[in-house]
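# Architecture at a glance
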Amino acid sequence: DTAVSQTPKYLVTQMGNDKSIKCEQNLGHDTMYWYKQDSKKFLKIMFSYNNKELIINETVPNRFSPKSPDKAHLNLHINSLELGDSAVYFCASSQEGSGTTNEKLFFGSGTQLSVL
Amino acid sequence: AQSVTQLDSQVPVFEEAPVELRCNYSSSVSVYLFWYVQYPNQGLQLLLKYLSGSTLVKGINGFEAEFNKSQTSFHLRKPSVHISDTAEYFCAVTLPSGTYKYIFGTGTRLKVLA
């Protein structure tokens, strides 16, 4: 079974549309993340949730809204998509996110978003 | 604030040759250090991590890294690379006290040539 799964793998859409990316982890982790990887492979954290509570919101436009219905799920909804939103979005999870010796990020395989 | 610098954006190397990928970090407090690998069209996987103790850390696939506090470096090495090692490699830091935040470097593309 895939530890961190995100869907869809590819998403092609027009500017101005609203879209969602779903993420689920079956590892029993408390903390989940969304990262954005741009065309130059730079990885930047967007959001972090711990036990369904928003911990990190890294100056992301409010068109991006994460939602965590439970510890195992963290979805990302994007309103009014713009050309600059084109990137690969990675979901990840970790045991605690608290810098313990168990600390390690488990990544999903990514969602490639192309805004036309 | 913490930051990570990977000086080389691309490193070409011939198969069976040794390789070193450089990572330097900046932090006023102790940090945990990581190397992740990203194969094409995949998510990142952990190669190895340094939390404390021995400064030489061994990871998967024959990789190792050495933590050097005085030089604030955490360089990744492999004595003999294979074609299958071609991938993007990311150095990352996080704080032991827990910030729920990893800071990644800009990545180094390792290209192994036949």
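That block above? That's the structure.
A brief structural summary.

Each value, and the rule that gives it
Residue numbers here run from 1 along each chain, matching the order of that chain's written sequence. Each chain gets a letter, beginning with A, and each ligand a number, beginning with 1, in the order they are written. This being a predicted model, a pLDDT of at least 70 is required before a residue's local features are given, and a value of 80 or more before pairs of side-chain atoms are given or counted; all residues contribute to the totals for chains, interfaces and linings. Values shown for side chains rest on all heavy atoms present in the structure; no hydrogens or waters enter the calculation. Here a helix means four or more residues in a row that DSSP labels H or I, a strand means two or more in a row labelled E, and each is numbered from the N terminus. The quantity called the radius of gyration is restricted to C-alpha atoms. Its globule counterpart is 2.2 Å times the number of residues to the power 0.38. Partly exposed describes any residue whose relative accessible area lies between the buried limit of under 20% and the exposed limit of over 50%, with all areas from a 1.4 Å probe on protein chains only and scaled to the type maximum. Residue contacts are defined here by distance: any two heavy atoms, one from each residue, within 4.5 Å place the two residues in contact. Note on areas: Shrake-Rupley with a 1.4 Å probe; residue coverage comes only from the protein chains shown. The charged-residue count follows a simple rule in which Lys and Arg add positive charge and Asp and Glu add negative charge, with His and chain termini not counted at all. Here the site of a charge means atom NZ of a Lys, CZ of an Arg, CG of an Asp or CD of a Glu. For Phe, Tyr and Trp, rings pair up if their centres lie within 6.5 Å, where Trp contributes its six-membered ring, and each pair is then called stacked (planes under 30 degrees apart), edge-to-face (over 60) or tilted (otherwise).

A count of helical and extended segments in chain B gives zero helices and twelve strands. Moving toward the C terminus, one meets the helices and strands of chain B in the order β-β-β-β-β-β-β-β-β-β-β-β. Taking 114 residues into account, the globule formula puts the C-alpha radius of gyration at 13 Å, and chain B, at 14 Å, falls close to it. Taken along its principal axes, the extent of the C-alpha atoms in chain B is 45 × 30 × 20 Å. Counting only residues that meet the buried cut, chain B has 47% of its 114 residues in that class. In chain B, once contacts between residues fewer than 6 apart in sequence are set aside, the share between residues at least 24 apart is 57%. Counting every atom, chain B has about 5300 Å² of accessible surface; 50% of that belongs to carbon and sulfur. Taken together, the 9 basic and 8 acidic charged side chains of chain B have centroids lying 8 Å from each other.

On to the packing of aromatic side chains, then. Tallied over the entire structure, the rule returns 16 aromatic pairs over all chains. A ring pair is formed by A:Tyr33 and A:Tyr35, whose centres lie 6.2 Å apart and whose planes are at 35°; its orientation type is tilted. In this pair, the class of A:Tyr33 matches that of A:Tyr35, namely buried. With a centroid separation of 6.1 Å and an interplanar angle of 85°, the aromatic rings of A:Phe90 and A:Phe107 are classed as edge-to-face. Here A:Phe90, found in strand 9 (residues 87-94), pairs with A:Phe107, found in strand 10 (residues 106-107); they are 17 residues apart in sequence, far enough to count as distant. Here A:Phe90 matches A:Phe107 in class, with each residue buried. Connected via pairs of aromatic rings, a cluster forms that spans A:Tyr33, A:Tyr35, A:Phe90, A:Phe107, B:Phe34, B:Tyr36, B:Phe90, B:Tyr102 and B:Phe104.

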